[in-house]
There are 2 protein chains.
Amino acid sequence: MATTTAQNNLKNQLFVGSFIHSKKLNQLEYLHGASVCVDKNGKIVAVDTQCAGDVKKAAATLYPTLGEGWSEGEVVVQVAKEGQFFFPGFIDTHIHASQYPNVGIFGSSTLLDWLNTYTFPLEASLAEPAKARKVYTRVVRKTLSHGTTCAAYYATKDVASTNLLADLCLAAGQRALVGRVCMDTPLSPEYYRDESPAQSIAATRASIAHIARIDPAMALVRPVITPRFAPSCSIPLMQALGALAAETDLPIQTHISENKNEIALVRELFPVAATGAADDSYTAVYDAFGLLSSRTILAHAVHLSEAEADLIALRGAKVSHCPCSNSAITSGAARVRWLLDKGVCCGLGTDVSGGYSPSVLEAARLAALVSRHVAMGGDEAAKLTVEEVLFLATRGGAEVVGLEDKVGGFEVGKEWDAQLIGLGSVGEDGAVEDGDEDGNVDVFGWESWEERVAKWVYNGDDRNTRKVWVRGRLVHERK
Amino acid sequence: MATTTAQNNLKNQLFVGSFIHSKKLNQLEYLHGASVCVDKNGKIVAVDTQCAGDVKKAAATLYPTLGEGWSEGEVVVQVAKEGQFFFPGFIDTHIHASQYPNVGIFGSSTLLDWLNTYTFPLEASLAEPAKARKVYTRVVRKTLSHGTTCAAYYATKDVASTNLLADLCLAAGQRALVGRVCMDTPLSPEYYRDESPAQSIAATRASIAHIARIDPAMALVRPVITPRFAPSCSIPLMQALGALAAETDLPIQTHISENKNEIALVRELFPVAATGAADDSYTAVYDAFGLLSSRTILAHAVHLSEAEADLIALRGAKVSHCPCSNSAITSGAARVRWLLDKGVCCGLGTDVSGGYSPSVLEAARLAALVSRHVAMGGDEAAKLTVEEVLFLATRGGAEVVGLEDKVGGFEVGKEWDAQLIGLGSVGEDGAVEDGDEDGNVDVFGWESWEERVAKWVYNGDDRNTRKVWVRGRLVHERK
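None of these values were measured; they are calculated from a predicted model.

About the cut-offs
- Residues numbered from 1 in each chain as written.
- Chains lettered and ligands numbered in written order.
- Predicted model: local features only at pLDDT ≥ 70, side-chain atom pairs only at ≥ 80, totals over all residues.
- Heavy atoms only, no water.
- Helix = DSSP H or I, 4+ residues; strand = E, 2+ residues; numbered from the N terminus.
- Rg over C-alpha atoms; globule rule 2.2 N^0.38 Å.
- Buried < 20%, exposed > 50% of the residue type's maximum accessible area, 1.4 Å probe, protein only.
- Areas by Shrake-Rupley, 256 points an atom, 1.4 Å probe, with all protein chains shown as cover.
- Lys, Arg positive; Asp, Glu negative; His and termini not counted.
- Charge placed at Lys NZ, Arg CZ, Asp CG, Glu CD.
- Axes fitted to C-alpha atoms, helices over the stretch in contact; angles between N-to-C directions.
- Parallel < 35°, antiparallel > 145°, perpendicular 65-115°, else oblique.
- Contact = heavy atoms within 4.5 Å.
- Nonpolar A, V, L, I, M, F, W, Y, C, P; charged D, E, K, R; others polar.
- Least-squares fit on C-alpha atoms with pLDDT ≥ 70 in both.

Let's shift gears to the overall build of chain A. What chain A contains, in helices and strands, is 15 helices and 20 strands. Scaling as 2.2 N^0.38, a compact globule of 479 residues should have a C-alpha radius of gyration of about 23 Å, and chain A matches this with 22 Å. Taken across its 479 residues, chain A has 67% of its residues classed as buried. A total accessible area of about 15100 Å² is found for chain A, and carbon and sulfur atoms account for 51% of it. If the 45 positive side-chain charges of chain A are averaged to one point and the 57 negative ones to another, these points end up 4 Å apart.

Rendered as structure tokens:
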């Protein structure tokens with residue numbers, strides 16, 4: 001099993017070439033001919049823009065300032081070729097690892113019938129260890145290949161396979177939040193339901209304890225308290241999960257305001273008289289149980305009222321925007337600009353398998369497109385730009401999962417979670433030039449860097465993600 | 001240069017395995033263990049479902065019924081492996097070949113500013129022969145690699161490079177309608193505008209004549225009369241193009257009702273008093289000039305009135321639905337179900353580069369998603385299924401481009417325009433099994449055929465298109 005403190009005997013590393021990352025919501029920073037030094041612990045220890053892409057010059061300038069282990073023979077050097085660039089790893093703030101085999105399979109369903117028809121049967125079946133290993137191995141490899149260096153995973157209610165998912169993330173070197181799914185109401189079928197609030201909490205504690213054993217410092221993998229969503233949880237379970245969150249200070253993930261029938265159901269299941277909530281809104285329900293905090297990741301947030309969004313902003317809770325899912329199962333078009341304007345921190349989620357794609361780049365693309373559907377409704381300012389969706393996919397996501405101090409950009413002190421992006425270069429004969437892998441992004445040569453990035457966002461896929469690192473470790477490479 | 005009657009000395013061919021094609025709008029037909037015989041002219045001469053995928057049995061049963069050239073040593077045999085299937089080639093009913101280098105580059109623009117900022121400068125620059133060759137070579141290769149066996153292309157106003165596009169399609173073996181773009185009003189900048197209606201018509205005739213020379217039987221490539229869109233054309237030009245269409249009986253392609261500002265502009269430019277149209281609607285303008293016929297391909301049709309849709313149905317004009325484009329440049333969400341219910345024939349268009357992707361599969365995916373956005377507006381029945389978007393991509397498209405007797409499905413008498421689709425098979429260890437090319441569609445083994453097709457629609461890309469044939473000729477193969 002991988003250990004995360006020794007970091008597999010990593011060497012110090014020097015990365016040279018073009019680096020692109022978000023400076024702020026609507027601005028990418030382009031660092032060309034730059035150098036980034038990453039130490040044995042995967043931490044960025046130097047960023048230089050003066051060496052004009054010259055490895056020797058970077059080494060001569062930077063190594064002496066960095067001390068032991070920083071000499072030519074000791075450092076692993078990675079140069080981005082002309083036209084390639086380093087980009088921060090993507091952060092998937094909402095993905096059901098257990099549903100991965102169902103991507104694309106949802107028919108014409110909407111949330112509540114989708115759960116019963118497609119989702120619960122598959123999730124329940126992952127109590128079978130060999131099946132869980134097959135599915136979870138695949139989803140970790142798959143998301144890494146798409147540049148997802150960090151994922152907030154929902155597993156299932158089964159402890160053993162939830163723990164296996166955490167083991168697999170750690171072994172593969174993917175940063176992850178891993179949540180054992182809590183649900184004890186008849187919203188879930190009898191064959192896939194916690195027996196009682198007490199059993200749900202005990203099972204959750206067992207999973208938390210396992211993760212604490214395999215990654216005591218939570219260097220890569222951490223547990224996340226996961227009430228599936230309000231309708232799945234009884235009032236006693238909600239209370240107990242709120243108490244567990246207060247006790248452990250762990251992050252929380254759940255769903256909110258995805259679908260109108262779901263919202264009506266919450267209103268019915270959680271009357272103010274029973275919850276003591278401030279009102280009968282979905283948001284107030286979570287708030288009443290101590291589940292709406294700055295450590296809370298709320299997936300969807302499609303149909304929130306003004307008051308709900310204000311309360312989310314007030315509590316500092318975060319939103320995982322899942323456009324692929326919201327369009328696919330006809331949930332609605334989330335108003336991301338409106339949330340951002342209220343100061344709500346937003347990231348992107350693939351929401352596999354309500355979302356049909358394991359790719360955060362696809363989620364970024366759909367975030368841009370769905371925002372245009374919001375704009376068609378009259379709010380021209382709703383449109384999200386390429387720069388903005390890439391911010392959501394990296395820095396926004398980092399803040400959503402509570403790791404904004406560790407990942408999301410290329411600054412000294414952050415950890416090296418990054419991908420090397422390569423695009424196709426079209427030759428005079430109309431063929432893609434040798435040495436470039438076949439892919440869907442064709443650069444003709446006259447495009448600006450901004451245009452190249454836009455081409456990547458709109459036509460890119462895992463073929464453009466040539467290498468992926470997490471905490472300095474190379475965790476994926478296209479052959 | 002390829003000739004299309006001799007068909008490059010094709011041999012007779014036998015295809016064996018699973019075949020999937022549209023039976024009707026909402027139904028795919030699955031033929032497993034079937035056999036299809038294709039003769040030297042690329043025509044399907046036998047379809048058999050009795051031989052259980054046994055090549056020897058198929059040969060023994062079918063060859064004797066087919067006569068000369070049908071014996072074991074003479075026939076080229078292609079077997080789809082377990083899990084692979086043959087599918088009709090995709091038909092892109094609306095694509096600007098000249099705009100391909102701009103895919104993904106549109107910023108936050110909408111139609112009219114997009115044209116001036118991004119589109120006209122690029123199109124005009126393709127008057128340079130080397131640039132045109134590079135771009136057109138790439139777009140033909142690219143679309144073939146995505147399974148586009150037939151495309152309705154807009155080139156530019158330049159005759160020589162428009163003719164080059166036709167040459168390249170013919171040489172590469174792609175079925176195509178190739179249109180020289182007509183526009184003589186100040187909607188286009190002075191540097192990219194026909195000098196007069198007469199010059200526009202003369203240039204169009206020159207392109208028509210060229211295509212008649214290179215493919216006299218229009219076996220693969222045919223000209224299409226292409227008024228860019230009403231605001232680009234003066235009334236005399238519209239009149240002359242209507243007359244040319246009547247004289248030549250050629251297909252017509254143009255844009256309609258894409259964007260609200262564009263519609264207002266049409267109303268302003270074409271008052272009833274000047275056109276003699278039945279009313280001042282966009283549709284009535286085309287109708288007034290004889291440009292609304294059963295041979296007309298109308299791209300977009302987003303904001304049509306009831307009366308306009310009824311008139312389109314009455315005239316038998318066809319609609320090219322371009323969801324990627326309509327979302328990307330914020331045009332609107334076309335109501336495809338509503339058009340289909342009125343009896344309007346619809347197909348899919350990538351609309352490169354208003355649309356960001358050259359892939360008809362991506363257009364099919366977006367057609368499904370955009371239809372869900374229409375459904376969010378209240379019309380639950382608006383949702384398009386996987387079966388329906390694949391119908392639009394094949395049979396629907398065939399009818400839109402006037403080739404429904406030749407392509408779109410696997411029946412005796414049709415021509416063999418097809419793709420071989422392969423999906424990834426996940427092994428017990430979570431890796432994709434040997435021999436399967438890496439791609440984005442993961443089949444775990446327990447999925448039904450319907451689910452596999454859904455997975456392909458939602459996560460598939462050109463990697464799944466292993467081989468492509470047009471008129472029996474192998475025109476693309478992934479290495």
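There's plenty left to go through after this.
Residue and element names in this part refer to chain B. Where helix H13 (residues 360-376) meets helix H15 (residues 449-459), the axes come as close as 7 Å, and the angle between the chain directions of the two elements is 95°. Classified by the interaxial angle, the pair formed by H13 and H15 is roughly perpendicular. Where H13 abuts H15, its residues Leu361, Arg365, Ala368, Leu369 and Arg372 lie against Trp456, Val457, Tyr458 and Asn459. Residue classes in the contact of H13 with H15 are distributed as six nonpolar, one polar and two charged.

With that settled, consider the relation of the copies chain B and chain A. Its rotation angle being 180°, the transformation that places chain B on chain A also includes 0.0 Å of axial translation and leaves an RMSD of 0.0 Å. The transformation relating the two chain copies, once decomposed into turn and shift, fits a two-fold axis. Across chain B, the smallest distance between a C-alpha and the rotation axis is recorded for His373 of chain B, namely 3.9 Å. When the interface residues of chain B are mapped onto chain A, 100% of them again lie at the interface, so the same face is used by both copies.

Attention shifts here to unusual backbone geometry. Cis peptide bonds are those with omega within 30 degrees of zero, and the linkage from Val352 of chain A to Ser353 of chain A qualifies with 0°. Residue placement: Ser353 of chain A occurs in the loop between strand E15 (346-348) and helix H13 (360-376). The backbone phi angle of Ser257 of chain A is positive, close to 45°, even though this residue is not glycine. With respect to the secondary-structure elements, Ser257 of chain A resides in the loop between strand E12 (252-256) and helix H7 (260-269). With relative accessibility at 1%, the residue Ser257 of chain A sits in the buried group. Its identity as a non-glycine residue notwithstanding, Asp249 of chain B has a phi of 60°, on the positive side. Its location among the elements puts Asp249 of chain B in the loop between helix H6 (235-248) and strand E12 (252-256). For Asp249 of chain B, a relative accessible area of 52% gives the class exposed.

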